[in-house]
Amino acid sequence: MQNFKNKILCGDCIEMLNGVDEPVADLIFADPPFNIGYEYDKYKDTLKSEKYITWTRDWMGACVNALKPHGSFYIAIGDDYAHHIRLIGEQLGLTLRNWIIWHYTFGQQTKTMFARSHTHIFYFVKDKADHVFNDHAVRVPSDRQLVYADKRANPRGKMPDDVWNTFSRVCGTFKEREGWHPCQMPELLLGRIVSVSSNRGDLVLDPFNGSGTTVAAAYQLERDYCGIDISSNYVENSRKRLEKLAQERQNLQKDGEILDMRQRIELKRFYFEVRKDVSEILRRKSLLEIFTKLYNIRLNEERKFDPQEVATALQGILD
Ligand SMILES: C[S@@+](CC[C@H](N)C(=O)[O-])C[C@H]1O[C@@H](n2cnc3c(N)ncnc32)[C@H](O)[C@@H]1O
């Protein structure tokens, strides 16, 4: 059987994942072509609707075959085929836990209709009673904590809504943009999914690897990863993306930085999810304390960071 652990593989995900005898993945994130005519280098994104739906059923079935019994399965999709994904998921015996709307800024501009600014993300599990859900890793401060200083506030914060509006699309001018793939997802959005639905050492699989966002997030969060893409060009470039991250990890260790790579991406994600300007966090002592406390809760480690350490690390990351 093909070895999937810590690999970016070139090939057809349906063939590869149907060939799995024993399920390998703890978490699958799939962002398939949406059938809206995007220009990929190998895949043609203009199938007849019937054919696209059959193909969707095939790749979802192959993913279910490769997913462990307690695994989670997230799928990003546009409006046109969202209802098919929901239905096929049910037919494959999956349980839908959330129908998430990713609301983004920098959508395509329109003149004759409202500008589209969202993508659906389906969150399925195989076992509705037994699956990983690390709520501590995604909690955000409540208004009771941040605005009203209300003593009744839960000190652990609150769960985010199922409309996600903190993650912008990765535009051409963004530093994060790889530049060689037409639809790169934001790393921090994948960070949220990987952190909440897997544990360190679990295997996170992306059957439509693209620019390698899922594997990049999994790598930084100390999960095993596997990405599959039909384009050898995208595969080669994603491998380079991971090599750069490996180099960065080594540099962080060498320079004796306060936070390791996992703690850094978690801090960055937390900062963007809190939606307060860094200058305000650093200026208001009470805010920095709440921020630090919740960050430690998110990390869930014995070693606790103090506000000064968090302030220094935050400045370093945002510089
Ligand atoms: C929407 S993109 C994924 C983007 C990715 N989430 C990212 O952040 O970069 C879809 C990808 O699926 C790939 N693809 C299409 N058909 C495939 C297949 N049968 N097996 C594997 N990959 C495929 C395309 O080459 C494309 O890179």
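Now for a look at the structure at hand. (Residues numbered from 1 in each chain as written. Predicted model: local features only at pLDDT ≥ 70, side-chain atom pairs only at ≥ 80, totals over all residues. Heavy atoms only, no water.)

1. Quick notes on the sheet that holds strand β6 (residues 163–164)
As summarised here, the arrangement of the eight strands in space is β1-β8-β7-β2-β3-β5-β4-β6, forming an open sheet in which the pairing is mixed. Strands at the two margins of the open sheet, each flanked by one partner only, are β1 (7–10) and β6. (Pairing = 2+ DSSP bridges. Helix = DSSP H or I, 4+ residues; strand = E, 2+ residues; numbered from the N terminus.)

2. Details of the side chain of N35
Mapped onto the fold, N35 is located in the loop between β2 (25–30) and α2 (49–66). Overall, N35 belongs to the buried group, its relative accessible area being 11%. Within the structure, the side chain of N35 is placed 2.8 Å from the backbone nitrogen of L47, a separation counted as a polar contact. A distance of 3.2 Å separates a polar atom in the side chain of N35 from a polar atom in the side chain of Y81. Setting aside residues no more than four positions away along its own chain, N35 makes contact with D45, T46, L47, Y52 and Y81. (Buried < 20%, exposed > 50% of the residue type's maximum accessible area, 1.4 Å probe, protein only. Polar contact = N/O pair within 3.5 Å; in protein donor to acceptor, adjacent residues only side chain to side chain. Contact = heavy atoms within 4.5 Å.)

3. Concerning the packing of aromatic side chains
Overall, the coordinates contain 20 aromatic pairs when judged by the stated rule. Between Y74 and Y123, the aromatic rings sit 4.5 Å apart at their centres with planes inclined by 5 degrees, giving stacked as the arrangement. Taken together, the residues Y74 in strand β3 (residues 67–77) and Y123 in strand β5 (residues 118–125) connect sequence positions 49 residues apart. Note on Y74: relative accessible area 2%, which makes it buried. An angle of 45 degrees between the planes, with centres 4.5 Å apart, marks the rings of W99 and F122 as tilted. Here W99, found in strand β4 (residues 95–103), pairs with F122, found in strand β5; they are 23 residues apart in sequence, far enough to count as distant. Owing to a relative accessible area of 33%, W99 belongs among the partly exposed residues under this scheme. Cluster of aromatic residues (ring-pair linked, three or more members): Y38, Y40, Y43, Y52, W55, W59, F73, Y81 and F208. Looking at R97, its charged tip hangs above the ring of F133, at a distance of 5.3 Å from the centre. Directly above the aromatic system of Y219 lies the positively charged group of R249, at a separation of 4.3 Å from the ring centroid. (Phe/Tyr/Trp six-rings, centres within 6.5 Å; stacked < 30°, edge-to-face > 60°. Lys NZ or Arg CZ within 6 Å of the ring centre and 35° of its normal.)

4. Description of the packing of helix α8 (residues 261–274) against helix α11 (residues 307–318)
Running from amino to carboxyl end, α8 crosses α11 at an angle of 85 degrees, the nearest separation of the two axes being 10 Å. Here α8 lies roughly perpendicular to α11, going by the angle between them. Contacts between α8 and α11 pair R264, L267, K268 and Y271 from the former with V310, A313, L314, I317 and L318 from the latter. Looking at the contact of α8 with α11 residue by residue, the classes come out as seven nonpolar, no polar and two charged. (Axes fitted to C-alpha atoms, helices over the stretch in contact; angles between N-to-C directions. Parallel < 35°, antiparallel > 145°, perpendicular 65-115°, else oblique. Nonpolar A, V, L, I, M, F, W, Y, C, P; charged D, E, K, R; others polar.)

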